[in-house]
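Descriptive structure summary
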Amino acid sequence: MSYLEEIQVKNLDHLGIVAGLIDEIGIVKIINNKLGIDVREKISAGTVVKSILINGLGFVSRPLYLFSQFFQDKAIEKLLGERIKPDYLNDDKIGRVMDELYKYGLNDIFIEVVLEVIKKIKIDLKYSHLDSTSFHLDGEYKREEDKEKQEEEKIIKERPIFIKKGYSRDHRPDLKQCVLDLITSQDGDIPLFVRVGDGNESDKAVFGKVLVEFKKQIKFDSIMVCDSALYGQENLQLIQHLKWITRVPMTIKKAKELVQNIEVEEVKDEDKEKRSDLNLESYTWKEEIVTYGGIKQTWLIVLSEKRQKSDLEKLEKQLSQEEKKSQKFLKEIQSEEFEHPQAARYKLKAINKKLRLLEIKEVELIETYSKKKEKIYKMISLIIKKDEEISRKTKEEGKFILATNLVEENKLEASEILITYKNQQSTERGFRFLKDPLFFTDSFFVGKPERIETMLFLMSLCLLIYNLGQRELRNCLKRVKKAINNQVEKVTLRPTLRWIFQCFQGIHYVILNGVKQIVNLTEERRFILSLLPASCQRYYL
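My aim in this report is to walk through the structure given alongside it, one point at a time. (Residues numbered from 1 in each chain as written. Predicted model: local features only at pLDDT ≥ 70, side-chain atom pairs only at ≥ 80, totals over all residues. Heavy atoms only, no water.)

Some remarks on the packing of aromatic side chains
In the structure shown here, the tally under the stated rule is nine aromatic pairs. Geometrically, the ring pair formed by Phe70 and Phe71 is edge-to-face, given 4.9 Å between the ring centres and 90° between the ring planes. In this structure Phe70 comes out as buried when scored by relative accessible area, which is 1%. Both rings, one in Phe110 and one in Phe457, keep their centres 6.3 Å apart while their planes meet at 70°; by these two values the pair is edge-to-face. Remark: Phe457 occurs in helix H18 (residues 449-480) and Phe110 occurs in helix H7 (residues 106-120); sequence separation between them is 347 residues. Pair check on accessibility: Phe110 and Phe457 agree, each one buried. In textbook terms, an aromatic cluster arises when at least three aromatic residues are bridged by ring pairs, as seen for Tyr231, Trp244, Tyr292 and Trp299. One residue, Lys74, lies across the ring of Phe70, its end atom 4.4 Å from the ring centre. (Phe/Tyr/Trp six-rings, centres within 6.5 Å; stacked < 30°, edge-to-face > 60°. Buried < 20%, exposed > 50% of the residue type's maximum accessible area, 1.4 Å probe, protein only. Helix = DSSP H or I, 4+ residues; strand = E, 2+ residues; numbered from the N terminus. Lys NZ or Arg CZ within 6 Å of the ring centre and 35° of its normal.)

Digging into the layout of surface pockets
Of the pockets and cavities examined, the second largest pocket occupies roughly 720 Å³. Taken together, 21 residues make up the lining of the second largest pocket; nearest its centre are Asp189, Arg429, Gln470, Arg474 and Arg494. Of all the secondary-structure elements, those providing two or more residues to the lining of the second largest pocket are helix H17 (425-434) and H18. When residues in the lining of the second largest pocket are grouped by element, the largest group, eight residues, is from H18. (1 Å grid on protein atoms, 1.4 Å probe; cavity = no way out; pocket = protein on both sides within 12 Å on 5 of 7 lines; lining within 4 Å. Points joined across faces, edges and corners; volume = space filled by probe spheres on them.)

Let's talk about the sheet that holds strand E5 (residues 223-226)
Ordered by their spatial adjacency, eight strands build an open sheet running E4-E3-E2-E5-E6-E11-E8-E7, and the pairing between neighbours is mixed. Two strands close off the open sheet at either side, each with one partner strand: strand E4 (191-197) and strand E7 (283-292). The average angle at which neighbouring strand axes cross in this sheet is 20°, direction not considered. The pairing of strand E2 (residues 127-137) with E5 spans three bridges and is classified as parallel. Looking across to E5, one finds that His129 is bridged to Val225. (Pairing = 2+ DSSP bridges. Axes fitted to C-alpha atoms, helices over the stretch in contact; angles between N-to-C directions.)

Overview of helix H16 (residues 414-422)
Three or more residues of H16 are buried, namely Ala414, Ser415, Ile417, Leu418, Thr420 and Tyr421. Those residues of H16 that are buried are in contact with E2, E5, strand E6 (243-247), E7, strand E8 (295-304) and strand E11 (399-404). (Contact = heavy atoms within 4.5 Å.)

What about the sheet that holds strand E14 (residues 508-512)?
One open sheet holds the three strands; their spatial order is E1-E14-E15, and the pairing between them is antiparallel. Of all the strands in the sheet, just strand E1 (7-11) and strand E15 (515-519) have a single pairing partner and so form its edges. Between one strand and the next, the sheet's axes are offset by a mean angle of 20°, whatever the strand orientation. Inspection of the sheet shows E1 paired to E14 by five bridges, in the antiparallel sense. Looking at E14, one finds that Lys10 is bridged to Tyr509.

Comments concerning H17
Taken residue by residue, H17 has Ser426, Thr427, Gly430, Phe431, Phe433 and Leu434 as its buried positions. What you see down the axis of H17 is that its buried residues fit within an arc of 160°, all on one side. Of the surrounding secondary structure, the elements contacted by the buried residues of H17 are E2, strand E3 (176-185) and H18. (Arc of directions from axis to C-beta.)

Below, the structure is given as structure tokens:
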């Protein structure tokens, strides 16, 4: 036997970290308990799911139909178990497992995984954040024409989603889409609840129902944080027994009145240092007790100096643009010949609808004659500013209103309400992760809405694994009071897990004359491993 035949070299890289985090949560066991194990199968459903999650966090941007190729040069037996071969992970097997997951209930499985994470790892659940995004899709989908059945199927989760056009967060209104609702913990951005919805569904119509369903599934006392899509009389009645913080839309009459007429309180000298420590030095606010939708609540009217400056600059730019536009309109209407006075005034009215801050006003309507000796009318007009509208917008700039139903019992400090709402980007970070071109969102080649839902379920599990690993790493660095270098060679206590993945490129699993060993495991990599759960370390040490 030649020397080359006695050695095998497989890539391990960062995939051992991913596999270890999956083991730490116990995802394989949960899936196998739910779907069962068929002794005739060469690979269990739980292990197939593990392989999909490893592929998803491999950051190689390969769709699932290239799945087996992904594992050709990887240490598959080390990652998935002895005697498992890449060709076990074929299209048919993956498709069957995806169908079984959907049939069992994606939501039930995800909730059980989340509860296992909460049980094993102490995550602060005081605040949870809800938001939604859309994923655009290509191709035809079997259920997209079943419009009439929507009213018959009352509970959304009892039927597949409808892939159709709707409000696109991706700015692709030309494409069909589906919607993903996501609830995350403020502590570590851990996904707690995931729901896939129809492409044309409205946040305002479903957010209240999503929160009620979430609280039924996961019974803990969390304050729900959401954007203004939640704030409406129907939703407030629906969630009146929950604790919440949300933003008040400026379309509400009471909100308009408050931002126009109320003056935020000036910061006292003794409070300035405290606000600076909280990174709130550019904010001022005032609290008001308001009853809306039959619910007593605290409204926090907030002024952000930075946002006010930006908004005023935008207002000036808008005014300048309207001045140029109105000059063209003025020239157009003054040069036009009208057969009747009503025609001239109708045209003027149509023009003014296109202006917000300025107005073209009629000065005089002159009766004269055209070259053909026909009676005509010409309008003399001028441009005036809408001072009242400009003043109203100037007062509004930089202001927004936050609302909470925690008024007396469990009342929150104004600073805590503001900080908590600013952390609403918790879900936005999750959406950026899911839509990253290096992630496998390009795997939406599947032809059924059921498979789309299952794919988003699997992608959300990837997000959970990634954020959990990142949270654990950062918390451990904080505890040991040590830092590591980031991408630009600066020390940090908050590295991204993606950077850690990059640091682990080039680690190999080598079998030489039957002896198995890990190579290229430097001292720096060993230190990073010491910060991660023992289940991750087992794949390398």
